[in-house]
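Take a look at the letters that make up each chain.
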Amino acid sequence: AQSVSQHNHHVILSEAASLELGCNYSYGGTVNLFWYVQYPGQHLQLLLKYFSGDPLVKGIKGFEAEFIKSKFSFNLRKPSVQWSDTAEYFCAVTSYNTDKLIFGTGTRLQVFP
Amino acid sequence: DAMVIQNPRYQVTQFGKPVTLSCSQTLNHNVMYWYQQKSSQAPKLLFHYYDKDFNNEADTPDNFQSRRPNTSFCFLDIRSPGLGDAAMYLCATSREEANTYEQYFGPGTRLTVT
C-alpha cells in the first residue's frame, strides 16, 4: 500500500531562517505530488503540486519543492521563512489514474519573530 | 468565486444523536470526498463519490453514511455519534482528469460530541 512519510513532526524556526521539510513516499509508479498548508483555524490550501515535467516546482508564497524520483522524495523548501508561515504542512500523493489522496502525518511549523 | 462550501462550520451534537453535515460546490466537479481529521493528524478519507457512484473506504465505520442527491451537494450522516467521532470533517472535490486528481477542500465542519 502507498504511504507518505514526513519525518519532521514539529519544526521551530526564527524568521529569515531557511526551511526544508522532508517528504518521502512509497510507490514505484507514476505519482502526483502535493504540498498542502493549513494555517491555524483555516482550511487546507494547496501550496504546490507536481504532475510531470520540471522536477523543481514553484508554489505560492515563495515555497518550492523538488521531486527526486530516485529518492522517492518531494521536499518542501523556502529560503527565508516569515512569522506568517506558521502552520501545519501536509505532503500528499496520488498514484497514476487514481483519486485517492494519501496524506503524510503533517509537520507543524512554528516561526518566531 | 468557485468554491467548496461546508455548513455548518461548527456543530455540537449529543452522544448518540444523529447529525448531518453538508457540503456544496460551485466548481462543477464530478468527484466529491469526505475526510475526517482529528487533532494533529492527517486527514483520513471516509468515502467518495464518482458522480453518483459511492466508494466506501474499508475501515470507515458503518455509523458513517453519505448521500449525494446531485452534482453540487453531498451530505455526511453520522447515525449515532460517539465521543470518538469528534473531529474536523473536510469535504473536497476534484475533476476526473487524467493524471491529476487535484483536490479542492472546503473550510471544514468542526464536530463536537457532548
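Residues numbered from 1 in each chain as written. Chains lettered and ligands numbered in written order. Predicted model: local features only at pLDDT ≥ 70, side-chain atom pairs only at ≥ 80, totals over all residues. Heavy atoms only, no water.

Draft legend 1. Molecular detail of the sheet that holds strand 7 (residues 64–67) of chain B. All names here are of chain B. The strand order across the open sheet built from four strands is 1-3-8-7, with neighbouring strands paired in antiparallel fashion. The sheet is open, and its two edges are formed by strand 1 (4–7) and strand 7, each paired on a single side. Taking each pair of neighbouring strands and ignoring which way they run, the sheet shows an average axis angle of 20°. As paired strands, strand 7 and strand 8 (residues 73–78) are joined by four bridges and run antiparallel to one another. (Pairing = 2+ DSSP bridges. Helix = DSSP H or I, 4+ residues; strand = E, 2+ residues; numbered from the N terminus. Axes fitted to C-alpha atoms, helices over the stretch in contact; angles between N-to-C directions.)

Draft legend 2. Expanded view of the packing of aromatic side chains. Scanning the entire structure with this criterion turns up 17 aromatic pairs over all chains. Judged by centre distance (5.8 Å) and plane angle (85°), the rings of Phe103(A) and Tyr35(B) are edge-to-face. Taken together, the residues Phe103(A) in strand 11 (residues 102–103) and Tyr35(B) in strand 4 (residues 31–37) connect one chain to another. Comparing Phe103(A) with Tyr35(B), the two get one shared label, buried. Three or more aromatic residues joined by ring pairs make a cluster, and in this case those are Phe34(A), Tyr36(A), Phe51(A), Phe90(A), Phe103(A), Tyr33(B), Tyr35(B) and Phe105(B). (Phe/Tyr/Trp six-rings, centres within 6.5 Å; stacked < 30°, edge-to-face > 60°. Buried < 20%, exposed > 50% of the residue type's maximum accessible area, 1.4 Å probe, protein only.)

Draft legend 3. Just the layout of surface pockets, in detail. Put simply, the largest pocket is a space of about 440 Å³. Lining the largest pocket are 24 residues, and of these Gln38(A), Pro40(A), Gly41(A), Glu88(A) and Arg110(B) sit closest to its centre. The set of elements that each furnish at least two residues to the lining of the largest pocket consists of strand 10 (87–95) and strand 12 (107–112) of chain A together with strand 9 (87–94) of chain B. When its residues are assigned to classes, the lining of the largest pocket shows nine nonpolar, 10 polar and five charged. Here the second largest pocket is characterised by a volume of approximately 280 Å³. Looking at the second largest pocket, it is lined by 14 residues, and the ones nearest its centre are Leu101(A), Pro43(B), Lys44(B), Leu45(B) and Asp59(B). Of all the secondary structure elements, the ones that give two or more residues to the lining of the second largest pocket are strand 11 of chain A together with strand 4 and strand 5 (44–50) of chain B. Residue composition of the lining of the second largest pocket, by class: seven nonpolar, two polar and five charged. (1 Å grid on protein atoms, 1.4 Å probe; cavity = no way out; pocket = protein on both sides within 12 Å on 5 of 7 lines; lining within 4 Å. Points joined across faces, edges and corners; volume = space filled by probe spheres on them. Nonpolar A, V, L, I, M, F, W, Y, C, P; charged D, E, K, R; others polar.)

Draft legend 4. Highlighting the interface of chain A and chain B. With 22 residues of chain A at the interface, the matching set in chain B holds 22 residues. With both chains or domains summed, chain A and chain B bury close to 1,800 Å², and 53% of this area falls on carbon and sulfur atoms. Seen at the junction of chain A and chain B, the total is two salt bridges. Where chain A packs against chain B, one counts four residue pairs in polar contact (both at pLDDT 80 or more). Among the secondary structure elements, those contributing two or more residues to the side of chain A that touches chain B are strand 5 (31–38), strand 6 (45–50) and strand 10 of chain A. (Contact = heavy atoms within 4.5 Å. Buried area = accessible area lost by both parts, 1.4 Å probe. Salt bridge = Lys/Arg side-chain N within 4 Å of Asp/Glu carboxyl O. Polar contact = N/O pair within 3.5 Å; in protein donor to acceptor, adjacent residues only side chain to side chain.)

Draft legend 5. Inspection of the state of the cysteines at higher detail. All names here are of chain A. Taken as a whole, this structure holds two disulfides over all chains when the rule is applied. Here Cys-23 engages in a disulfide with Cys-91; their sulfurs sit 1.9 Å apart. One quick way to see it: the torsion about the S-S bond of Cys-23 and Cys-91 is about -65°, and its sign makes the bridge left-handed. Remark: Cys-91 occurs in strand 10 and Cys-23 occurs in the loop between strand 3 (19–21) and strand 4 (24–26); sequence separation between them is 68 residues. There is no split in this pair, since Cys-23 and Cys-91 are both buried. (Disulfide = S-S within 2.5 Å.)

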